[in-house]
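# Inside the fold
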Amino acid sequence: MIHKFTFLENILLRADVIPHPIIDSLTYVIAGRVLQVSIKLGIFETLKKENLALNQVAKKVGISEEGAKVLLECLEALGYLEQINEKFGITKRGKRFLLDESPSRMKNIILFTDYVFDALNDLEQTVKAGGPKDVNLDVFTKDQWEVFNNAMEEIGKSNMKQVIGMIPFPKDAKKLLDIGGSHGLHSIEACNRLPGLSATILDLKSVEKLANDVIKRYKMNNKVNYKVGSFFNKNDIGTGYDVVFAFNVIHGLNLDKNKKLTEDIYNSLNKGGVYVVMDQIKEARGSSQLSKLVATTMGVMLFNQAGGRTYSYNEVHKWMVESGFKSTKMKKMRDPGSALIIGFK
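Presented here is an overview of the structure given in this document. The model shown is predicted, which means the values in this text are computed figures rather than measured ones.

Further remarks concern the packing of aromatic side chains. Aromatic rings in a pair are described by how distant their centres are and how their planes are angled relative to each other. This structure, assessed with the given rule, holds nine aromatic pairs. Three or more aromatic residues joined by ring pairs make a cluster, and in this case those are Phe112, Tyr115, Trp145 and Phe148. Taking the ring centre of Tyr266 as reference, the NZ or CZ of Lys345 above it sits at 4.3 Å.

Encoded structure:
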């Protein structure tokens, strides 16, 4: 992402002399596609151990030198590669986000955006119809599920410590339900911090293997378990919980489904329990254009692929209060446009 501009460029951008629509509709789209293709070709892994000349990169990844030239120069402009003595190498930013060995990697998220790009071809029809013809989770292929699950794990790793540190767990909390918890990283972090806490992840069959692999990897089989089911079914949700997580869930649901889910969560909680929603929240954007852009483009993607959207704190607060929660609180996260909304029973 470009964030350094010359003094003159800043003036011209603010004065709308530089044509923003071209950058927004063409430049950023092409840049995103370059990242997707570069990940698929293995360009960053090829440059992991040593800097290479253009022709060497082309030969190793199996593309033409002309093709390598346009890709590598674009990646250099984006700040992921640098050129020293006519050889290309990975920058600190590239190593942090794009190498397999990095704990902060975003590789699978970029691969998932390849699917998002294809789905956006239907956006015009979706906005005319008021929703998508097919919900993405219903039409995912096996390969798309794998990429999606790995992408969600990457996102979880990036914020799990911050998120769990922000939650006011009830004293002596014993049971946690993590609906749509996928990889289970947030439940694992919570159980690590609270010795008396155990967790159940409630999600689809297609996510079960990923979750159990992660639970095993973190050696948490004795405290975290996976339950195949639907959070649209109150019997699958159950009762007797002190804490319920709904992380990146509400944005994929329409208004009526969110209201019903909130009621079912309220009924599943013990007295004094808390319901924690993490999502892109309108009030979390503040005056930041970056936060606004991230949240609103996410809203477009969710509407196009799942019929959902991003919601406001006031909307979530209303669901919670109408369901019986005594009070609510919003806590902004460091991720642009994201926040926790906590309901107290």
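What follows concerns helix α16 (residues 313-323). Within α16, the full set of buried residues consists of Tyr313, Val316, Trp319, Met320 and Ser323. All buried residues of α16 fall inside an arc of 130 degrees around its axis, so they share one side. For α16, the exposed residues set more than 90 degrees away from the buried face come down to Asn314 and Glu322. Looking at the buried side of α16, the elements it contacts are α14 (255-268), β7 (269-280), β8 (327-332) and β9 (338-344).

Our focus in this paragraph is the layout of surface pockets. Counted as a void, the second largest pocket has a volume near 290 Å³. For the second largest pocket, the full set of lining residues is Lys142, Trp145, Glu146, Asn149, Asn150, Ser206, Lys209, Leu210, Asp213 and Arg217. Residue assignment for the lining of the second largest pocket shows that the elements contributing at least two residues are α10 (142-165) and α12 (208-217). If one sorts the elements of the lining of the second largest pocket by residue count, α10 sits on top with five residues. Split into classes, the residues belonging to the lining of the second largest pocket amount to two nonpolar, three polar and five charged.

Strand order in this open sheet of seven strands is β5-β4-β3-β6-β7-β9-β8, and the pairing throughout is mixed. Strands at the two margins of the open sheet, each flanked by one partner only, are β5 (224-228) and β8. Averaged over all neighbouring strand pairs, the angle between strand axes comes to 20 degrees, with direction disregarded. Here seven bridges tie β7 to β9, and the two strands are oriented antiparallel to one another. When the sheet's bridge partners are listed, Asp279 is paired in β9 with Ala339.

A separate point is the pairing of strand β6 (residues 241-247). Most of β6 sits out of view: seven of its seven residues are buried. Pairing analysis gives four bridges linking strand β3 (residues 175-179) to β6, with the strands arranged parallel. From the neighbouring strand, Ile179 faces β6, where its bridge partner is Ala246. Two strands pair when backbone bridges link them, and β6 and β7 are joined in this way by six bridges, in the parallel orientation. Bridging across to β7, Val243 finds its partner in Val274. Traced from β6 through α14 to β7, the parallel crossover comes out right-handed.

Applying the stated criterion across every chain, the model contains 16 salt bridges. Its salt-bridge partner being Glu315, residue Arg309 comes within 2.8 Å of it at the nearest N-O pair. For Arg309, a relative accessible area of 29% corresponds to the partly exposed category. Judged by relative accessible area, Glu315 falls into the partly exposed class, the value being 21%. Put simply, Arg33, Lys40 and Asp114 are held in one network by salt bridges that share partners.

A few words on the environment of Ala53. Note on placement: Ala53 falls in the loop between α3 (43-46) and α4 (54-61). Distance in space between the C-alpha atoms of Ala53 and Ile215 is 42 Å, their sequence separation being 162 residues. When neighbours within four sequence positions are excluded, Ala53 is seen to be in contact with Glu86 and Lys87.

Taken together, the side chains of Phe7, Leu8 and Ile11 make up a nonpolar region of the molecular surface, amounting to roughly 350 Å² of accessible area. Inspection of the secondary structure assignment puts Leu8 in helix α1 (residues 7-14).

Here the focus is the packing of helix α7 (residues 107-119) against α10. Put simply, α7 and α10 touch, their axes get as near as 8 Å, and they point 135 degrees apart. Here α10 runs oblique to α7, going by the angle between their axes. Of the two possible hands of crossing, α7 and α10 adopt the one that is left-handed. On α10, the residues that touch Lys107, Asn108, Ile109, Leu111, Phe112 and Tyr115 of α7 are Gln144, Val147, Phe148, Asn150, Ala151, Glu154 and Ile155. A breakdown of the residues in the contact of α7 with α10 according to their chemical character gives eight nonpolar, three polar and two charged.

Conventions used here
Residues numbered from 1 in each chain as written. Predicted model: local features only at pLDDT ≥ 70, side-chain atom pairs only at ≥ 80, totals over all residues. Heavy atoms only, no water. Phe/Tyr/Trp six-rings, centres within 6.5 Å; stacked < 30°, edge-to-face > 60°. Lys NZ or Arg CZ within 6 Å of the ring centre and 35° of its normal. Buried < 20%, exposed > 50% of the residue type's maximum accessible area, 1.4 Å probe, protein only. Helix = DSSP H or I, 4+ residues; strand = E, 2+ residues; numbered from the N terminus. Arc of directions from axis to C-beta. Contact = heavy atoms within 4.5 Å. 1 Å grid on protein atoms, 1.4 Å probe; cavity = no way out; pocket = protein on both sides within 12 Å on 5 of 7 lines; lining within 4 Å. Points joined across faces, edges and corners; volume = space filled by probe spheres on them. Nonpolar A, V, L, I, M, F, W, Y, C, P; charged D, E, K, R; others polar. Pairing = 2+ DSSP bridges. Axes fitted to C-alpha atoms, helices over the stretch in contact; angles between N-to-C directions. Right-handed = clockwise from strand over helix to strand, strands pointing away. Salt bridge = Lys/Arg side-chain N within 4 Å of Asp/Glu carboxyl O. Patch = residues over 30% accessible without salt bridge, like charges linked within 9 Å, V, L, I, M, F, W, Y side chains within 5 Å. Areas by Shrake-Rupley, 256 points an atom, 1.4 Å probe, with all protein chains shown as cover. Parallel < 35°, antiparallel > 145°, perpendicular 65-115°, else oblique. Left-handed = near helix turned anticlockwise from the far one by under 90°.

As far as function goes, none of this settles anything; it's purely spatial.
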